[in-house]
Every structure is written in C-alpha cells, then in structure tokens.
Amino acid sequence: MIIIALAMFACLVVIGLRPDEPVPAAISTTSDSPFFEVRVVKPLSARPLAGLFGLLPAEDLGFDHASRDAEVGRVGDDRLELSAEGWELIIETDGEGRIAAGTRLVFTMELGGKVRKLCCRPADPAVGYLHTAKRSGSDEFGGRFRVELANCEIAETGRAIEWPPAPLTVLGSFDRLPIAPAEPADGR
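Quick look at the structure, then. Quantities reported herein were computed from a predicted structural model and do not represent experimental measurements.

**A short note on the state of the cysteines**
Thinking step 1. All told, the structure shown has 1 disulfide when counted by the stated rule.
Thinking step 2. Covalently, Cys120 is tied to Cys152 through a disulfide, its sulfur atoms 2.0 Å apart. Taking the torsion about the sulfur-sulfur bond, which here is approximately 110°, the covalent link between Cys120 and Cys152 counts as right-handed. Linking Cys120 in strand E7 (residues 114-121) with Cys152 in strand E10 (residues 151-154), this pair joins segments that are 32 residues apart in sequence. Assigned by exposure class, Cys120 and Cys152 land together as buried.
Thinking step 3. Cys119 carries a free sulfur, and the closest cysteine sulfur to it, the one in Cys120, is 6.8 Å from it.
Thinking step 4. Judged by relative accessible area, Cys119 falls into the buried class, the value being 6%.

What counts, and at which threshold
- Residues numbered from 1 in each chain as written.
- Predicted model: local features only at pLDDT ≥ 70, side-chain atom pairs only at ≥ 80, totals over all residues.
- Heavy atoms only, no water.
- Disulfide = S-S within 2.5 Å.
- Helix = DSSP H or I, 4+ residues; strand = E, 2+ residues; numbered from the N terminus.
- Buried < 20%, exposed > 50% of the residue type's maximum accessible area, 1.4 Å probe, protein only.

This is the structure we're talking about:
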C-alpha cells in the first residue's frame, strides 16, 4: 500500500511540474467568406484546482466571426482589430514584427465572484507574433497570431489586478479580412 501511495504521489508531482503551457489550438481557415477565430487560453494555474494538473477540460474563452456583433476593424501588415459582443482585441506590431505596447484584449469574465471588465496587455518585452499575408490579386488579408498577455487591470478603473498568475495566451487565425482603408491625415 505504501509503495502504491508513493507511486501515485510521484505521478501527481511529475504531472504538476509540467510547464504552464497552453493546449495547442485547433484552428481552421477553410472559409470562402471573411473568417476569424480567437482563443484565450488560461494558464493551468488560473484554472480551478490548477486544472487538476491538466487532466480537466480547459475552460478557455474566445470568439469568432459567427459571434454576436462580430466585427472586423483595421487590418494591415502591422495591425489587427477584431471584436464581438463583450470582446475587443487589438494587436499591433512595431514595423519589425515585434508585438507593440498598443496590443490589448478587453473582455468580461467572472473573477472573485464578481463580473469584471478586464483589459489585458503584454509584458515588457512582449511575447508573441502577428503574421499577415495579403491574398494575391485581392484586397484581403489572412494570417495567424499568438500573443501572451501578462498584465490585466479592471477596465473601468485602470486598477491593476493580480490575475492571471501566469500570462494568458491569445491565439487565432483569420482569412479573407478586408484591408483597412487608410486613415485620413486629419484624423476623421
């Protein structure tokens, strides 16, 4: 009995020592119309009972082109704006492919027994990428992204919170999104 108990304890320790990495996304891009999908993967340490060391199904968050009020904002080589009811994702790069400080995800979730609107941003330096490609012969973009968001605050107050305990991973793909028109120089 002691040997079996020790073996079970050792298995739990090994499972618990796994890196706090997100489960890979199963994202498809086979659509003839504008398509996007966004997944927000909570780290194991942000799940109840640490996701029972990864054995419980993930409670990941997200939205896509079929979500209520789904919209595509500006899309270009260095910017992607996607939104849906209760969600706003903006990914910016610095022109050299690095995720820029303007990147953010705004969403609502229950936290500590209260429904909160959160605004999460990348750490400094930011971790992630935005890969875009213009479809040949069209004015449409396709691509994929993966960004880690480590700093969250309550959107209404700007007060930083101590959640998540490890970065959220936002990942997704998009296809056939129209290229954003250039903004006028006067800002209108």
